[in-house]
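Examination of the molecular architecture
Spelled out, the chains give:
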Amino acid sequence: MQQLTFTEEIVLLALDDKTGAQLPLPVTALGYGLAGAVLADLAIAGKIDTDAQQLTLLDPSPTGDPLLDPWLALIAAEKNPRSVASWLSVLADRQQEIEQPALERLISRGILKRQDKKILWVIGLRRYPTVDGHERTEVRTRLGQLILGEDLPDPRDATLLSLLRGCRLTDNIFDGPEFSARDARLATLAKMDLVGREVSAATTEAIIALSVAMNAPVPHM
Amino acid sequence: MEITASVVNEIPVLTLRGRLDGLAAPAVEEKVAALLATGPQRMVFDCSGIEYASSAGLRVFLATAKKLKTVGGRCGFASLTPPLREIFGVSGFLDVLEIHDNLESATA
């Protein structure tokens, strides 16, 4: 099977195994995670490069992937260089436009199925359970072994882990005492990708802003 | 970016000078691939001339270290310049990669 994009992997891993509902995440976290996934996909495709100061366009020609090309065109149309954080903010605001085509792609690949339900016969509820859970299990097993072991990650796995931790999905995906004991290792792995670090910073900022707005204590992060 | 291949104490060394960014990374990748195709158990990056490394550059380093580790080999990084050391620090690379103060210790 063709390798899933980071965008597809984040969408897939953000869904509950059994119900197909989106896992509980802090507000805006998935938006930033998907925005980061798009940037990571464009970087792997050799279209953009990043550093702590800015995102650089390397090649504006389309990738041929309709999940990515609208965002590459958006970046290419920008005259002034912008930081990764700035692009995350722009793309996170378009979360639905990133997420929906990725869900459709996962359905067409036979990985997810669409399930429509009614609550109280009126309220429509759409869920995306997996067909057999194989892909999600494979990713979780591979990344779980990386967290629990001492092996070096390849750049792709480092990026995926960094994105997952950045949008707080690792708390849902890798739960249990064996993973709690490896928090320092996960933190080290998650530092390895700049886009993932920026996703984490943006998510943290959003959580703090919301806590302040609601006059609630800032959660431990 | 200037890329020079040499052998020190029978260990292949790639010396990089200039900016290791998204434009230079493919050429470094190509050199690394050619070098790894010869089946070495060790290699060293001489980083004494690296002025800058972007995310694309860091990916080349991590991918090379991973490939060598997968076959039971080692990849050393010698003489990190201050900007590279800073990026390695932020990215956690100082904790997971084999860092050497100089080429002599990396090729010992």
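Higher on the page you've got the structure.
Just so it is clear, the structure is predicted and the values come from calculations on it, not from any experiment. (Residues numbered from 1 in each chain as written. Chains lettered and ligands numbered in written order. Predicted model: local features only at pLDDT ≥ 70, side-chain atom pairs only at ≥ 80, totals over all residues. Heavy atoms only, no water.)

So, about helix 10 (residues 183-190) of chain A. The complete set of buried residues in helix 10 of chain A reads A:R185, A:L186, A:T188, A:L189 and A:A190. Where helix 10 of chain A is buried, its residues meet helix 6 (134-148), helix 7 (155-166), helix 8 (170-173) and helix 11 (194-213) of chain A together with helix 4 (93-96) of chain B. (Buried < 20%, exposed > 50% of the residue type's maximum accessible area, 1.4 Å probe, protein only. Helix = DSSP H or I, 4+ residues; strand = E, 2+ residues; numbered from the N terminus. Contact = heavy atoms within 4.5 Å.)

All names here are of chain B. If you walk across this open sheet you meet the 5 strands as 1-2-3-4-5, and the pairing is mixed. Here the strands that pair on one side only, and so sit at the sheet edges, are strand 1 (2-8) and strand 5 (98-100). Between one strand axis and the next, the sheet turns by 25 degrees as a mean value, whatever way the strands run. Here strand 4 (residues 74-78) runs beside strand 5; their pairing, made up of 3 bridges, is parallel. (Pairing = 2+ DSSP bridges. Axes fitted to C-alpha atoms, helices over the stretch in contact; angles between N-to-C directions.)

Residue and element names in this part refer to chain A. Here helix 3 (residues 69-77) crosses helix 4 (residues 84-92) at 130 degrees, and the two axes come no closer than 12 Å. Of the possible angle classes, the one that applies to helix 3 and helix 4 is oblique. When the axes of helix 3 and helix 4 are compared, the crossing they make is right-handed. When helix 3 is examined against helix 4, the residues W71, L74 and I75 are found in contact with a partner set consisting of W87, V90 and L91. Looking at the contact of helix 3 with helix 4 residue by residue, the class counts come to 6 nonpolar, no polar and no charged. (Parallel < 35°, antiparallel > 145°, perpendicular 65-115°, else oblique. Left-handed = near helix turned anticlockwise from the far one by under 90°. Nonpolar A, V, L, I, M, F, W, Y, C, P; charged D, E, K, R; others polar.)

A separate point is the side chain of B:T81. All names here are of chain B. Structurally, T81 can be placed in the loop between strand 4 and helix 3 (82-90). Polar side-chain contacts of T81 include one of 2.7 Å to the backbone oxygen of I50. Aside from chain neighbours lying at most four places away, what touches T81 is C47, S48, G49 and I50. (Polar contact = N/O pair within 3.5 Å; in protein donor to acceptor, adjacent residues only side chain to side chain.)

Tallying the contact residues gives 18 residues for chain A and 21 residues for chain B. Together, the buried faces of chain A and chain B total about 1,700 Å²; carbon and sulfur atoms form 57% of this surface. Three residues, A:L152, A:P155 and A:M192, lead the burial of chain A against chain B; their summed loss comes to 35% of the area buried on that side. Taking the shortest distance from any N to any O, the salt bridge between B:D95 and A:K191 comes out at 4.0 Å. Where chain A meets chain B, there are 7 residue pairs in polar contact (both at pLDDT 80 or more). (Buried area = accessible area lost by both parts, 1.4 Å probe. Salt bridge = Lys/Arg side-chain N within 4 Å of Asp/Glu carboxyl O.)

With that settled, the discussion passes to the pairing of strand 1 of chain B. All names here are of chain B. Examined bridge by bridge, strand 1 and strand 2 (residues 11-20) share 7 bridges and lie antiparallel to one another. If you follow S6 over to strand 2, its bridge partner there is V13. A loop of 2 residues connects strand 1 with strand 2, the two strands running antiparallel in sequence, and N9 in this loop sits at a positive phi of about 50 degrees.

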